[in-house]
Amino acid sequence: MKRELETIANCYGKLVDRVKLAHEKLKRPLTLAEKILYAHVYKEEDIRPVSRGETYMDFRPDRVAMQDATAQMALLQFMNAGQKQSAVPASVHCDHLIQAWKGAGPDMETALRNNQEVYDFLRTASAAYGIEFWKPGAGIIHQVVFENYAFPGGMMVGTDSHTPNAGGMGMIAIGVGGADAVDVMTGMEWELKMPALTGVRLTGQLSGWATPKDVILKLTGLLTVKGGTNTIIEYFGEGTSTLSATGKATICNMGAEVGATTSVFPYDEEIAAYLKATGREEIARMADEISGYLQADPETAAQPEKYYDRVIEIDLSTLEPYVNGPFTPDAATPLSQLKEKVQTMGYPQQVEVGLIGSCTNSSYQDLTGAASLAQQAIDKQLPLPAQLVINPGSEKIRATAARDGVLAPFEKLEATLMANACGPCIGQWKRETADKERPNTIITSFNRNFAKRADGNPNTHAFVASPEMVMAFSIAGDLCFNPLTDKLKNRKGEWVRLDPPVAQKLPAAGFTDARSGCIPPSGEPEEILIAHDSQRLQRLSPFEPWDGNELYNLALLIKVKGKCTTDHISMAGPWLRYRGHLENISENLLMGAVNAFNLQTNSVNNPLDGGYEPVSTVAKALKEAHIPSIIVAEDNYGEGSSREHAAMEPRFLNIRVILAKSFARIHETNLKKQGMLALTFENPADYNRIRELDRISITGLTRFTPGVPLHAIVLHTDGTTEAFHVLHTYNEVQIEWFRAGSALNYNAKKGGSHA
């Protein structure tokens, strides 16, 4: 805690001074996001007016957070950086590798048995580099960070796309790939395009069945899955102070689903109350002393259109519950319109499973709200036709909820209490069904609902809602049920109505132990454990630098049709076991992507023999034949998680270029970091020119310059050629990453830390 307080005190001293300087140089009021960003620029002289959404700037974040699936590759890269200690406070959280199946007890035993070598590596690497290690079962990374590390006005990067969860604490928290985390841990400049700003004014106050989750469910429908790309969503208005800290976190967490860089709320009494409840009274006191610097200047709220690039108004008083899905988180439907949509679209109406938890909704408030409805089902003698699965967010939450009797109604309804981990939300769910492709409906309090994500079934229609609505649908077993208007028949044959849920923001008796499951670094030298014959962990070799030549005659590996998320590029679920072994995990490359030529997944034409084979098989064959390749895709390529494996796998398999209509922010950065070319069609219609078995050349690289297009020359099998411009967003430093073979190679060449 001492190091935490020192970090925060240092941050606040700089924040006050630099905000004053920013006021002087910009000569205007500042939004909250601008205050925090300018307080964390790497060099004070870089505080200046910039073009939002265009100008790259260097930052110095306060800390790094890593979950166990992505921490493996981050730490393997850090081992090549030549550093003895992390330059900033950092933590590793074991939450992704625990498969949800029978329940917390047996599932934890299985996880410890199956993943021990990975946990040993993460623990020993953390100890070696001065990183705090949170044991399996301690909780989901974002909930644990929120309880222990997040603080108002700070800046953090995390190797998980839902790192913005900490925005509910008034923090700029950004999801990144492992290479970005390594930059921060080595003390190097961390680069980010200065985001545009979307201001969301909240007015009124929630009531009835509406919850904080419904704010972001509505907003995803307004913005779509790419509407927040390279943007910070900043919430303001009197409605913000009516939301609990964890409610704010829920909203910020799911901002990742619109592609936002991050989201942030202003510091207020709700945040102070949460800090005090989690044993951080001193941080609340420090924040109170500079509270004006932890909020936007008042003038920005008076004329928001002048200070934000886009302004959206949401009246909490009139907000109704939303249910989003299936198959995409931006398919937003108000509850009053859901029945018509279900019947019109022919979605399976029976709700088979309700899942409550995930980093988005597993707080004490979330559990108490759902538990109040579970208790009503007991009291009103209503059966529970759906299976119910509960994932508490942390051991602090689970133990506190158990102590307060919050878990008792779930247990009486025979819900399965899973480990304090991600579980089904990231595909770590061993769902036992006879037919793995049967159409069915589940409803979750998660953040994502891509096809196959939860249980591997492409026909599972996953809908996203608040924990309270998940509980209500589980009690009804019917997706067309509206608890605001409809009644249910109980065991006595009586028709009864569910009353609105009642949630408690904070436990009246306080939380249990604040740091359960944390192993702080001992400060003693420790051997990092990696077995030489491990199939789970593999030391990294640097990628080869660019040879100085144009990229001629790249073989077309796949032309992807439609949505291509990081799940499509590098699946999670059972593949999580190989997140520390680049060669093994590369076997899953693009196995979920749809081939535009045969409309099948994991089936592409091998130009060496003309047969159709899995994507990774063809990629390996081309690599062995010393033929580099290219991937062509559509919009928002790489949407979803921060997993850099989706960039490292193609790099490892000698794929040199991704040519898409557009990219998701994190994935585009990950590709650049790994020395790949992330290019976009100048004219999106040129995507249609690409034919099966084409050879594509990318020229102009010998004069690679920021803002100057490159050229694509397409050679068809009939001997004809076509040429067109392709665009890039590389700046001078990112071009050097490409030339060096990766950002890590470039940084090593520069000589390591600039701390």
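In case you missed it, the structure is sitting above this.
Residues numbered from 1 in each chain as written. Predicted model: local features only at pLDDT ≥ 70, side-chain atom pairs only at ≥ 80, totals over all residues. Heavy atoms only, no water.

**Let's talk about helix α1 (residues 2-26)**
Taking 1.5 Å of rise per residue, the 25 residues of α1 would be expected to cover 36 Å, and the 35 Å separating its terminal C-alpha atoms lies within 8% of that figure. By the burial criterion, the buried members of α1 are E4, T7, I8, C11, Y12, L15, V16, R18, V19, L21, A22 and L26. Buried residues along α1 sit in contact with α2 (32-39), β2 (63-67) and α10 (281-289). Of the residues trailing α1, K27 is marked for its positive phi of about 55 degrees. (Helix = DSSP H or I, 4+ residues; strand = E, 2+ residues; numbered from the N terminus. Expected span 1.5 Å × (residues − 1). Buried < 20%, exposed > 50% of the residue type's maximum accessible area, 1.4 Å probe, protein only. Contact = heavy atoms within 4.5 Å.)

**With respect to unusual backbone geometry**
A negative phi angle is the norm for most residues apart from glycine, just as the trans form is the norm for most peptide bonds. The peptide bond linking G325 to P326 adopts the cis configuration, its omega dihedral lying at 0 degrees. Looking at the element boundaries, P326 is found in the loop between β12 (322-324) and β13 (332-334). Phi angles above zero are rare outside glycine, and T224 is one such case at about 70 degrees. With respect to the element layout, T224 can be found in the loop between α7 (212-223) and β9 (231-236). The exposure class assigned to T224 is partly exposed, which follows from its relative accessible area of 33%. Even without glycine at this site, N654 takes up a positive phi of about 70 degrees. Structurally, N654 can be placed in the loop between α21 (645-652) and β27 (655-660).

**Details of the pairing of β27**
The element β27 is largely enclosed, with a buried count of six among its six residues. Here strand β26 (residues 629-632) runs beside β27; their pairing, made up of four bridges, is parallel. Note on β27: the bridge partner recorded for S629 is I655. Of the pairings in the sheet, the one linking β27 to strand β28 (residues 677-681) comprises four bridges and is parallel in character. Bridge pairing in β28 places I658 opposite A678. Regarding topology, helix α22 (residues 665-673) serves as the crossover connection from β27 to the parallel β28, and that connection is right-handed. (Pairing = 2+ DSSP bridges. Right-handed = clockwise from strand over helix to strand, strands pointing away.)

**Focus on the packing of aromatic side chains**
Applying the stated rule across the entire model yields 17 aromatic pairs. Centroid distance F681 to F724: 6.0 Å. Interplanar angle 35 degrees. Geometry classified as tilted. Pair noted here: F681 is in strand β28 and F724 is in strand β31 (residues 721-727), with a separation of 43 residues, a long-range link. On the basis of relative accessibility, which here comes to 7%, the residue F724 falls in the buried class. Between the aromatic rings of F704 and Y730, the centroid separation amounts to 5.4 Å while the plane-to-plane angle is 55 degrees, which identifies the pairing as tilted. Of this pair, F704 sits in the loop between β29 (695-699) and β30 (710-715) while Y730 is found in the loop between β31 and α23 (732-740), placing the two residues 26 residues apart along the sequence. Residue F704 shares its accessibility class with Y730, and that shared class is buried. R60 extends its terminal NZ or CZ atom over the ring of Y42, reaching a point 4.2 Å from the ring centre. When the ring centre of Y687 is taken as reference, the NZ or CZ atom of K661 above it lies at 4.7 Å. (Phe/Tyr/Trp six-rings, centres within 6.5 Å; stacked < 30°, edge-to-face > 60°. Lys NZ or Arg CZ within 6 Å of the ring centre and 35° of its normal.)

**Points about the layout of surface pockets**
When its volume is computed, the largest pocket comes out at roughly 1000 Å³. Lining the largest pocket are 44 residues, with G427, K452, G456, G573 and P574 sitting closest to its centre. The set of elements that each furnish at least two residues to the lining of the largest pocket consists of α4 (104-128) and α18 (566-569). Element by element, the count of residues in the lining of the largest pocket is highest for α4, at five residues. (1 Å grid on protein atoms, 1.4 Å probe; cavity = no way out; pocket = protein on both sides within 12 Å on 5 of 7 lines; lining within 4 Å. Points joined across faces, edges and corners; volume = space filled by probe spheres on them.)

**Quick look at the sheet that holds strand β3 (residues 90-93)**
Here six strands make up an open sheet; going across it, the order is β6-β5-β2-β3-β4-β21 and the pairing mixed. The open sheet has two edge strands with one neighbour each: β6 (172-175) and β21 (518-519). Taken together, the three bridges between β3 and strand β4 (residues 132-134) define a ladder with parallel strand orientation. In the sheet register, S91 faces β4, and the bridge partner there is E132.

**Comments concerning the pattern of salt bridges**
Evaluation of the coordinates by the stated rule reveals 32 salt bridges. Linking E395 and R398 is a salt bridge whose minimum nitrogen-to-oxygen distance equals 2.7 Å. With a gap of three residues between them, E395 and R398 both fall in helix α15 (residues 395-403), about one helical turn apart. R453 is the salt-bridge partner of D567, the closest N and O atoms lying 2.8 Å from each other. Here D567 is found in helix α18, whereas its partner R453 is found in the loop between β17 (440-444) and β18 (460-464), with 114 residues between them in sequence. Both residues of the pair, D567 and R453, count as buried. Beyond isolated ion pairs, a larger network of salt bridges with shared partners links R28, E34, R52 and D309. (Salt bridge = Lys/Arg side-chain N within 4 Å of Asp/Glu carboxyl O.)

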